[in-house]
Amino acid sequence: GNHVQRIKQASRDDYPEFREALHALKGSSSELGARELEQCCLAGEAFKPYQLGSLEVSKFVIELEKSYRRTENILAGMVKEMDYKNFHRPD
């Protein structure tokens, strides 16, 4: 997703962008009820500016990407199931 790419790019040296993108993704996650992803974003918001570019932040970004993909797959499955139920609704 766009927010994840922004976070990944900013994780090297752009703290304001890193925080802003994390905050935006956290808000979207919260709206969707994606608690795992929301908690991951919350953890990322704890990083300090001097930590950008560190191994710790790099590992965080990898975990964030995994969480995002899991969330994306779950939501896609839910949409598929809803489409199936709506298409096969008894008259």
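As the structure is a computational prediction, the values presented were derived from the model and not from experiment.

Further remarks concern the overall build of the protein chain. Each helix and strand counted, the protein chain has four helices and zero strands in total. Tracing the protein chain from N to C terminus, the helices and strands come up as α-α-α-α. Against the globule reference of 12 Å for 91 residues, the protein chain gives a C-alpha radius of gyration of 16 Å, more extended than a compact globule. In terms of overall dimensions, the protein chain has C-alpha extents of about 60 × 20 × 20 Å along its principal axes. A buried classification covers 32% of the 91 residues belonging to the protein chain. Across the protein chain, the fraction of contacts at a sequence separation of at least 24, relative to all contacts at a separation of at least 6, is 55%. When the accessible surface of the protein chain is split by element, carbon and sulfur atoms take 55% of a total near 6,300 Å². For the protein chain, the distance from the average position of its 14 positive side-chain charges to the average position of its 15 negative side-chain charges is 4 Å.

This part covers helix 3 (residues 35-44). Within the sequence span of helix 3, burial applies to Leu37, Glu38, Cys40, Cys41 and Gly44. Buried residues in helix 3, looked at end-on, bunch into an arc of 160°, giving them a common side.

Rules and cut-offs
- Residues numbered from 1 in each chain as written.
- Predicted model: local features only at pLDDT ≥ 70, side-chain atom pairs only at ≥ 80, totals over all residues.
- Heavy atoms only, no water.
- Helix = DSSP H or I, 4+ residues; strand = E, 2+ residues; numbered from the N terminus.
- Rg over C-alpha atoms; globule rule 2.2 N^0.38 Å.
- Buried < 20%, exposed > 50% of the residue type's maximum accessible area, 1.4 Å probe, protein only.
- Contact = heavy atoms within 4.5 Å.
- Areas by Shrake-Rupley, 256 points an atom, 1.4 Å probe, with all protein chains shown as cover.
- Lys, Arg positive; Asp, Glu negative; His and termini not counted.
- Charge placed at Lys NZ, Arg CZ, Asp CG, Glu CD.
- Arc of directions from axis to C-beta.

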